[in-house]
Structure formats: C-alpha cells, structure tokens
Amino acid sequence: MELLPFFKSVMEQDRSAVVLCDLEHTIIYMNPAAGERYAKYGGMALAGKSLLACHSPQSNDMIRRVVEWFKADQAHNLIYTFRNDKENKDVYMIALRDDGGELIGYYEKHEYRNRETMKLYDFKP
C-alpha cells in the first residue's frame, strides 16, 4: 500500500503549523495551518525559501546547532526549543530521517496545551 497520500493527509489536516526543511534550511513543505500562521511573512509563498531568512541571527545559530546535534547520532531526533506562554504551547525541532536512518531534514512541531473546546463527537459541519 502506498502510504504517501495518508501521510500527506495527516499533515494537511493538522491544526498546528508544520514546516518541513531540508538540510540546506530550505522550506520544502508547509501545511495549510502554517500558511495561515505565517501569512504576514508570505504564507505558502515561503515554500522554496530559506527558513534562516525568517529568523534572527541568534535563532539561526541555534537552528544550525540543533541540525548538527541531529547529525551526530541517529538517536538525536527531538529537542525542545521554545515555550510560548501566550499561546500555551511548547515547540520542538524534530529530525527527519530516511529508511536508513540518515538525516534528510527537520521540522518544527507546535504542541498546544489548551483543553479542547469542541464537543465530543459533534458531527455538525
């Protein structure tokens, strides 16, 4: 079974911003939530551009350090990078690896800690 359509659908439906980057820090994919979240910076048009252009020199240094840490060991796959109290979320950088365990890129994951407000099994559109 071809899993790619399933994985793509997971990313497209995620309510949190997902931005995938290659090892040159080029944004290779943004889900719709990321397009909305970063609309004031160009939204979906950021795909194909450098992630480093969107961050401060200090942040760029930390991004590069994390990628080097990912490269150093196949067990290095997740690092906590930021807490946003205003949005009640934690932010992580996560390694992307191929089937052989080689690092091929990374992404940022936002985990919101707010209690869900939607009703259980509310089938209304």
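Everything below is about the structure printed above this text.
Within any chain, residue numbers begin from 1 and follow the written order of that chain's sequence. Where local features are concerned, this predicted model is filtered to residues with pLDDT of at least 70; where side-chain atom pairs are given and counted, the filter is 80 or more; whole-chain, interface and lining totals use all residues. Excluding hydrogens and water, the side-chain figures rest on all heavy atoms present in the structure.

Ring pairs are drawn from Phe, Tyr and Trp, using the six-membered ring of Trp, whenever the two centres fall within 6.5 Å, and their geometry is named by plane angle: stacked under 30 degrees, edge-to-face over 60, tilted for the rest. A full pass over the atoms with the stated rule returns two aromatic pairs. Ring geometry for Trp 69 against Phe 70: centres 5.8 Å apart, planes inclined by 45 degrees, an arrangement best described as tilted. A residue is classified by how much of its surface remains accessible, and Trp 69, at 31% relative accessible area, is partly exposed. Judged by centre distance (5.4 Å) and plane angle (45 degrees), the rings of Tyr 80 and Tyr 92 are tilted. Relative accessibility decides the category of a residue: with a 1.4 Å probe and only protein chains considered, values under 20% of the type maximum give buried, values over 50% give exposed, and everything between is partly exposed.

A few words on helix H3 (residues 57-72). By the criteria applied, helices consist of DSSP H or I runs no shorter than four residues and strands consist of E runs no shorter than two, each listed in order from the N terminus. Here a helix's expected span is defined as the number of its residues, less one, multiplied by 1.5 Å. Its 16 residues place the ends of H3 23 Å apart at the C-alpha level, agreeing with the 22 Å of an ideal helix rising 1.5 Å per residue. Within H3 the residues assigned to the buried category are Asn 60, Ile 63, Val 66, Val 67 and Phe 70. Down the axis of H3, the buried side of the element spans an arc of 120 degrees, and every buried residue falls inside it. Residues of H3 that are exposed and angled more than 90 degrees away from the buried face: Pro 57, Gln 58, Arg 65 and Ala 72. Contacts are assigned to residue pairs that have any heavy atoms within 4.5 Å of one another. Considering only its buried residues, H3 is in contact with strand S3 (78-84), strand S4 (89-97) and strand S5 (103-112). The arc in question is traced by the directions running from the helix axis to the C-beta atoms.

With that settled, the discussion passes to the sheet that holds strand S2 (residues 27-30). Taken together, the five strands give an open sheet; going across it, the order is S2-S1-S5-S4-S3, and neighbouring strands pair in antiparallel fashion. Either end of the sheet is taken by a strand with one partner, and the two such strands are S2 and S3. Put simply, the sheet's adjacent strands are angled 20 degrees from each other on average, direction ignored. One ladder, built from nine bridges, connects S4 with S5; its direction is antiparallel. If you follow Arg 97 over to S5, its bridge partner there is Leu 103. Only strands that DSSP links by at least two bridges are regarded as paired with each other. Helix axes use the C-alpha atoms of the stretch in contact, all axes being lines fitted to C-alpha atoms, and the angles between their N-to-C directions lie in the range 0 to 180 degrees.

Turning to the pattern of salt bridges, a few remarks are in order. One side-chain nitrogen of Lys or Arg within 4 Å of one carboxyl oxygen of Asp or Glu is enough to make a salt bridge. As enumerated under the stated definition, the model contains nine salt bridges in all. Between Glu 12 and Lys 8 there is a salt bridge, and its shortest N-O distance comes to 3.7 Å. Of the two residues, Glu 12 and Lys 8 both sit in helix H1 (residues 4-13), four residues apart, roughly one turn of that helix. Judged by its relative accessible area of 26%, Glu 12 is partly exposed. Residue classification places Lys 8 among the partly exposed residues on the basis of a relative accessible area of 48%. The salt bridge involving Glu 68 is made with Lys 71; its shortest N-O contact spans 3.4 Å.

Turning our attention to the pairing of strand S1 (residues 18-22). The buried fraction of S1 amounts to five of the five residues, a majority that puts the element mostly inside the structure. Neither face of S1 is exposed, since Val 18, Leu 20 and Asp 22 on one face and Val 19 and Cys 21 on the opposite face are all buried. Taken together, the five bridges between S1 and S5 define a ladder with antiparallel strand orientation. Residue pairing in the sheet places Val 18 in a bridge with Lys 109 of S5. In the sheet, S1 pairs with S2 via three bridges, with the strands oriented antiparallel. The residue bridging Val 19 from the neighbouring strand is Met 30, located in S2. Once S1 ends, the chain turns through four residues before running back antiparallel as S2, passing His 25 with a positive phi of about 70 degrees.

Functional significance is not addressed by these values, which are geometric in nature.
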